[in-house]
Protein chains: 2
Amino acid sequence: MPDIGQLTINTATLRKQWGLKDIIAGVAQMGIRGIAPWRDQVAAAGLKEVAAQIRDTGLAVSGYCRGGMFPAIDRTGRLAARDDNRRAVDEALTIGAECLVLVVGGLPKDGAQRIVSKDIAGAREMVRDGIGELLEYARPAGMKLAIEPLHPMYAADRACVNTMAHANDLCDELCPSGRDGLGIAVDIYHVWWDPQLKAQIERAGAKDRLYAYHICDWLVPTKDLLNDRGMMGDGVVDLPLVRSWMEASGYRGLHEVEIFSERWWAEDPRTVLATCIERHARVT
Amino acid sequence: MPDIGQLTINTATLRKQWGLKDIIAGVAQMGIRGIAPWRDQVAAAGLKEVAAQIRDTGLAVSGYCRGGMFPAIDRTGRLAARDDNRRAVDEALTIGAECLVLVVGGLPKDGAQRIVSKDIAGAREMVRDGIGELLEYARPAGMKLAIEPLHPMYAADRACVNTMAHANDLCDELCPSGRDGLGIAVDIYHVWWDPQLKAQIERAGAKDRLYAYHICDWLVPTKDLLNDRGMMGDGVVDLPLVRSWMEASGYRGLHEVEIFSERWWAEDPRTVLATCIERHARVT
């Protein structure tokens, strides 16, 4: 059996095969150290029940997915986002998550979730304001917020923070030290291509902002913008190199496998977990 | 009839409906000012014949697509790329193109065009060296080279220059002034998301590097990584804003419509051209 090391599993990786209770049990049975659940899965399984099950298994919670989605076209929408994000902080505290991951949102939408503005600079201002406001709620409560830069192909509809540099800039403005509750989730799927990646990981590390490290791989060809992420080793990312940058910058946390993939969702979930363990040990 | 203004048509926009001779004739008949042909279409129609036909129509050639693809795993591959790029320069001169557009290539491939390296930093060095070498051939011949940053979703397989900042850095290193033959093709499909876009357009403009401006739109959802670009006005890009940045930075060239789209390839080509004219006049 390969060494499990710092492995943790984002529950999206198995969301089509198992409900959350089965995922938690399966991950724990395999000896994996942690889990990172999604809100919709937690809501379906029951927050208190999930929190109790996680405590019983002794699993770490490497992150809670997700808060964010700040931009909205009117004040009603922004207030709804604020309130929903506060609930996400509360839930993250209940399940004992290391951090609440923020997918910050793209262009402003209306109440029916239709994009109704092309003002991406304005969206980025709403994101800054939204994170700043949420930080006032999360920091006293003791929940860290992790900005996750998403790949630029999601800039319009999911997250208009698309580079580590932008995430670092936001942190500089809102919360200069990561010790004060605002940092970054580095997901190699989103940032592997960036020529500034090494420098921006170093910049984040110097301010104690490296809160999470998500791994998978970039496939060539990538057949779908959403659900064709690769298992580690099946794509083109130099995972050991990026890991070495994270570690040289002070990161000592878990390595979270998050794979949205129709191909892996069609596999037996125990096979997926065994593959995650083997690949994590061998190619990352 | 709307004002045609600075409109020019990249021939990929009509490549499934018409051969190149029909495209040139159709574009000229509509009163459009320019064209930007692809090498495979030119080869199929015959270089001399195409050059003569373009001269007869009086069309401008806003760019020639494309050179580049510099990285290769061995010297044989890199020499083959060098020679092919020199031929592309010769062809661009024959048809009187404003510039040769460079899609620089992604991770190194072997002779069978399989990616065989994960060293993206090394690929970027090959790109720098390849452009520098090609510049020595193109500059004395009088053909400008336009680096086209491609969207990060193409970093692995098509181009590992993915931001305006990176293209500007390459220009700074290889050819400090755009008056000496190396510049940038700004394609909004690839760069619209970049929070540095305005600043990097200004930086390029200050060095006379703005060689070309390509327009289309980013659709939400985007259903395919390659062939789901949008017609201007159908997506989320604030085209008048980006155009204002180009013009404020000194760009006075043509506006090249380049749309890879199964949806538009299924339309009558005259309808596509009429739509390009109307949208260019109304929403860009």
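Preceding this paragraph is the structure being described.
As the structure is a computational prediction, the values presented were derived from the model and not from experiment. (Residues numbered from 1 in each chain as written. Chains lettered and ligands numbered in written order. Predicted model: local features only at pLDDT ≥ 70, side-chain atom pairs only at ≥ 80, totals over all residues. Heavy atoms only, no water.)

Undergrad: Which parts of the structure should I look at to understand the side chain of B:His190?
TA: Residues and elements named next belong to chain B. Turning to its location among the elements, His 190 is positioned in helix α7 (residues 188-191). A relative accessible area of 2% places His 190 in the buried class. Ignoring anything within four residues of it in the chain, the contact list for His 190 reads Glu 148, Pro 149, Leu 150, His 151, Pro 152, Tyr 154 and Arg 229. (Helix = DSSP H or I, 4+ residues; strand = E, 2+ residues; numbered from the N terminus. Buried < 20%, exposed > 50% of the residue type's maximum accessible area, 1.4 Å probe, protein only. Contact = heavy atoms within 4.5 Å.)

Undergrad: Just checking my understanding: could you explain the interface of chain A and chain B for this structure?
TA: Interfaces are often sized by the accessible area lost when the parts come together. Listed as interface residues are 29 residues of chain A and, on the opposing side, 29 residues of chain B. The junction of chain A with chain B conceals about 2300 Å² of combined surface from both sides, 71% of it contributed by carbon and sulfur atoms. Interface area lost by chain A to chain B is led by A:Lys118, A:Trp193 and A:Leu225, which between them contribute 26%. If you look at where chain A meets chain B, you find zero salt bridges. At the surface where chain A touches chain B, the tally comes to four residue pairs in polar contact (both at pLDDT 80 or more). Across the side of chain A that touches chain B, the residue classes tally to 15 nonpolar, eight polar and six charged. (Buried area = accessible area lost by both parts, 1.4 Å probe. Salt bridge = Lys/Arg side-chain N within 4 Å of Asp/Glu carboxyl O. Polar contact = N/O pair within 3.5 Å; in protein donor to acceptor, adjacent residues only side chain to side chain. Nonpolar A, V, L, I, M, F, W, Y, C, P; charged D, E, K, R; others polar.)

Undergrad: I would appreciate a short explanation of the relation of the copies chain A and chain B in the present structure.
TA: One chain copy maps onto the other through a rotation about an axis and a shift parallel to that axis. At an RMSD of 0.0 Å, chain A and chain B line up after a rotation of 180° and a shift of 0.0 Å along the axis. Taken together, the turn and the small shift mark the pair as related by a two-fold rotation axis. When you check the interface residues of chain A against chain B, 100% turn up at the interface there too, and the contact is symmetric in its surfaces. (Least-squares fit on C-alpha atoms with pLDDT ≥ 70 in both.)

Undergrad: Quick question: what am I supposed to make of the pattern of salt bridges here?
TA: In this structure the tally under the stated criterion is 46 salt bridges over all chains. One network of salt bridges, in which partners are shared, links A:Asp169, A:Asp172, A:Arg203, A:Lys207 and A:Arg209.

Undergrad: Is there a simple way to explain the packing of aromatic side chains in this structure?
TA: Geometry of an aromatic ring pair is reported as the spacing of the ring centres plus the angle between the planes. All names here are of chain A. In this structure the tally under the stated criterion is eleven aromatic pairs over all chains. On the basis of an interplanar angle of 70° and a centroid distance of 6.3 Å, the ring pair of Tyr 213 and Tyr 251 is categorised as edge-to-face. With a gap of 38 residues between them, Tyr 213 in strand β8 (residues 210-215) and Tyr 251 in the loop between α9 (239-248) and β9 (255-257) connect regions that are remote in the sequence. Comparing Tyr 213 with Tyr 251, the two get one shared label, buried. The ring centre of Trp 264 lies 3.8 Å from the NZ or CZ of Arg 263, which sits over that ring. (Phe/Tyr/Trp six-rings, centres within 6.5 Å; stacked < 30°, edge-to-face > 60°. Lys NZ or Arg CZ within 6 Å of the ring centre and 35° of its normal.)

Undergrad: Looking at this model, I keep getting lost on the sheet that holds β8(A). Mind explaining?
TA: Strand pairing in a sheet is mediated by backbone hydrogen bonds. Such pairs are either parallel or antiparallel. Residues and elements named next belong to chain A. Here nine strands make up an open sheet; going across it, the order is β3-β2-β1-β9-β8-β7-β6-β5-β4 and the pairing parallel. The sheet terminates laterally at β3 (60-61) and β4 (64-68), the two strands that pair on one side only. Helix α4 (residues 75-94) rests against β4, β5 (99-103) and β6 (144-147) of the sheet, and its axis sits at about 160° to β4. (Pairing = 2+ DSSP bridges. Axes fitted to C-alpha atoms, helices over the stretch in contact; angles between N-to-C directions.)

Undergrad: Would you mind going over the nonpolar core with me for this structure?
TA: Nonpolar side chains tend toward joint burial in soluble globular proteins. A:Trp218 and B:Trp218 are the most contacted members of the largest nonpolar core, which has 172 residues in total. For A:Trp218, the contacting residues outside a window of four places in its chain are A:His151, A:Met153, A:Tyr189, A:Trp192, A:Gly235, A:Val236, A:Val237, B:Met153, B:Ala156 and B:Leu225. (Core = buried A, V, L, I, M, F, W, Y, C linked by side-chain atoms within 4.5 Å.)

Undergrad: Help me understand α4(A) in this model?
TA: Counting along an α-helix, one turn takes 3.6 residues, and residues three or four places apart therefore face a common direction. All names here are of chain A. Taking 1.5 Å as the rise per residue, α4 with 20 residues should run 28 Å; its terminal C-alpha atoms sit 29 Å apart, in good agreement. Residues of α4 that are buried include every one of Ala 81, Asn 85, Ala 88, Val 89, Glu 91 and Ala 92, and no others. Down the axis of α4, the buried set is contained in an arc of 165°. They therefore lie on one face. Opposite the packed face of α4, turned more than 90 degrees from it, sit the exposed residues Arg 75 and Thr 76. (Expected span 1.5 Å × (residues − 1). Arc of directions from axis to C-beta.)

Undergrad: Please explain the sheet that holds strand β9 (residues 255-257) of chain B as it appears in this structure.
TA: Residues and elements named next belong to chain B. Taken in spatial order, the nine strands make up an open sheet running β3-β2-β1-β9-β8-β7-β6-β5-β4, and their pairing is parallel. Each edge of the open sheet is held by one strand with a lone partner, namely β3 (60-61) and β4 (64-68). Relative to the sheet, helix α5 (residues 120-141) contacts β5 (99-103), β6 (144-147) and β7 (182-187), its axis offset from that of β6 by approximately 155°.

Undergrad: I tried to follow the packing of helix α8 (residues 197-206) of chain B against helix α9 (residues 239-248) of chain B on my own but got confused; where do I start?
TA: Between two packed helices, what matters for the description is the angle formed by their axes and the separation of those axes. Residue and element names in this part refer to chain B. Their axes nearest at 8 Å, the elements α8 and α9 cross at an angle of 25°. On the basis of the axis angle, α8 is roughly parallel to α9. When the axes of α8 and α9 are compared, the crossing they make is right-handed. Residues Leu 197, Lys 198 and Ile 201 of α8 lie in contact with α9, whose contacting residues are Val 242, Trp 245 and Met 246. Of the residues belonging to the contact of α8 with α9, the class tally is five nonpolar, no polar and one charged. (Parallel < 35°, antiparallel > 145°, perpendicular 65-115°, else oblique. Left-handed = near helix turned anticlockwise from the far one by under 90°.)

Undergrad: I would appreciate a short explanation of the environment of B:Arg78 in the present structure.
TA: Residue and element names in this part refer to chain B. In this structure, Arg 78 sits in helix α4 (residues 75-94). Sequence separation of Arg 78 and Asp 228 is 150 residues, and the distance between their C-alpha atoms is 31 Å. Discounting residues that sit within four places of it in the chain, Arg 78 has contacts with Phe 70, Ala 72, Ile 73 and Met 126.

Undergrad: I keep staring at the pairing of strand β8 (residues 210-215) of chain B and nothing clicks. Help me out?
TA: Both faces of the sheet carry side chains from a regular strand, because those side chains alternate between them. Residue and element names in this part refer to chain B. In terms of residue burial, β8 counts as a mostly covered element, since six of its six residues are buried. Alignment of β7 against β8, held across four bridges, turns out to be parallel. Following the sheet pairing, Val 186 is matched in β8 by Tyr 213. Bridge analysis of β8 against β9 gives three bridges, and the strand direction is parallel.

Undergrad: Even after reading the chapter, I still don't get the side chain of A:Thr222, so can you show me in this structure?
TA: Looking at where A:Thr222 falls in the secondary structure, it is placed in the loop between β8 and α9. On the basis of relative accessibility, which here comes to 10%, the residue A:Thr222 falls in the buried class. A distance of 2.5 Å separates a polar side-chain atom of A:Thr222 from the backbone oxygen of A:Leu219. Those residues in contact with A:Thr222 that sit more than four places away from it in its chain are A:Tyr189, A:Asp228 and B:Leu225.

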